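Observations on the three-dimensional arrangement
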Amino acid sequence: KSRFIIPFIVLLLLPSCGFAQGMGRGVELTLTSPKLILVEPGKIVTASYLVTNRTDRTVELDENLDLPMQPEGWQPAIAYKRSISLAAGEQKVQLVTFIVPRKYPSGTYNVTYSMISRNTVEIAAIESFSIVVKPVVKLDAVIGSKPELALAGEAYDVRMRLINNGNSAVSMKM
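Residues numbered from 1 in each chain as written. Predicted model: local features only at pLDDT ≥ 70, side-chain atom pairs only at ≥ 80, totals over all residues. Heavy atoms only, no water.

Some points on the environment of Met-160
Tracing the sequence through the fold places Met-160 in strand β11 (residues 159-164). Residue contacts for Met-160: discarding those within four places in its chain leaves Ala-141, Val-142, Ile-143 and Gly-144. (Helix = DSSP H or I, 4+ residues; strand = E, 2+ residues; numbered from the N terminus. Contact = heavy atoms within 4.5 Å.)

Next up, the structure:
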């Protein structure tokens with residue numbers, strides 16, 4: 001009995017495999033940028049998608065961009081609640097641009113972009129890519145106190161503060 005049930009379940013799930021790769025019901029969303037993008041914190045990231053209307057009618061699509069939201073959020077360059085209109089069989093390239101915060105922790109993060117029809121939820125497409133935020137160590141020295149005049153051969157005290165303006169922890173020995 002189970003010999004027949006398992007292949008039947010696999011056959012039912014097989015059509016949904018295409019939806020998980022950016023292909024929606026009538027709309028196809030294809031990432032044309034690399035699937036993995038390396039970036040330093042504080043930099044701008046741009047990715048592009050090809051949106052294709054595979055239906056036989058014009059569709060109105062609303063876009064949505066989901067960015068990581070941890071201690072401080074990533075900043076999209078524009079509001080991603082725009083809508084586009086695609087005629088039957090038409091294709092359009094959509095750009096997504098956002099800024100990774102300066103002190104964002106290093107690591108790998110997912111960014112998801114989706115297109116959903118205004119008229120029917122049956123037409124939808126979703127695609128994601130990964131951002132690897134590189135670890136950055138950037139130390140700045142700030143002089144706290146120093147003598148007004150220093151003569152050669154004399155000892156004097158200088159107080160300094162080190163400030164880590166990077167996104168990675170640093171061990172210091174003095």
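Quick notes on the nonpolar core
By size, the foremost hydrophobic cluster in this structure holds 30 residues, and its most contacted members are Leu-61, Trp-74, Phe-98, Phe-129 and Ile-131. At the level of secondary structure, the elements contributing two or more residues to this core comprise β1 (27-31), β2 (36-39), β3 (44-53), β4 (59-66), β6 (83-86), β7 (91-99), β8 (107-117) and β9 (124-133). Contacts of Ile-131, omitting those with residues within four sequence positions, involve Ile-37, Val-39, Val-45, Trp-74, Phe-98, Gly-107, Thr-108, Tyr-109 and Val-111. (Core = buried A, V, L, I, M, F, W, Y, C linked by side-chain atoms within 4.5 Å. Buried < 20%, exposed > 50% of the residue type's maximum accessible area, 1.4 Å probe, protein only.)

Brief notes about the environment of Gly-73
With respect to the element layout, Gly-73 can be found in the loop between β4 and β5 (75-76). Of the residues examined, Gly-73 reaches a relative accessible area of 22% and is grouped as partly exposed. Setting aside anything within four residues of it in sequence, one finds Gly-73 in contact with Pro-68 and Pro-101.

Some points on the sheet that holds β2
The strand order across the open sheet built from five strands is β2-β9-β8-β4-β6, with neighbouring strands paired in mixed fashion. Because the sheet does not close on itself, it has two edges, and the strands there are β2 and β6. Neighbour to neighbour, the strand axes of the sheet diverge by 30 degrees on average, direction disregarded. Examined bridge by bridge, β4 and β8 share six bridges and lie antiparallel to one another. Residue pairing for β8: Asp-62 is matched across the bridge by Ile-116. (Pairing = 2+ DSSP bridges. Axes fitted to C-alpha atoms, helices over the stretch in contact; angles between N-to-C directions.)

Some points on the sheet that holds β1
Within a sheet, neighbouring strands are paired by backbone hydrogen bonds and run either parallel or antiparallel to one another. Taken in spatial order, the four strands make up an open sheet running β1-β3-β7-β5, and their pairing is antiparallel. At either end of the open sheet lies a strand with only one pairing partner, and these are β1 and β5. Where β3 meets β7, nine bridges bridge the pair, whose relative direction is antiparallel. Of the residues in β7, the one forming a bridge with Ile-44 is Ile-99.

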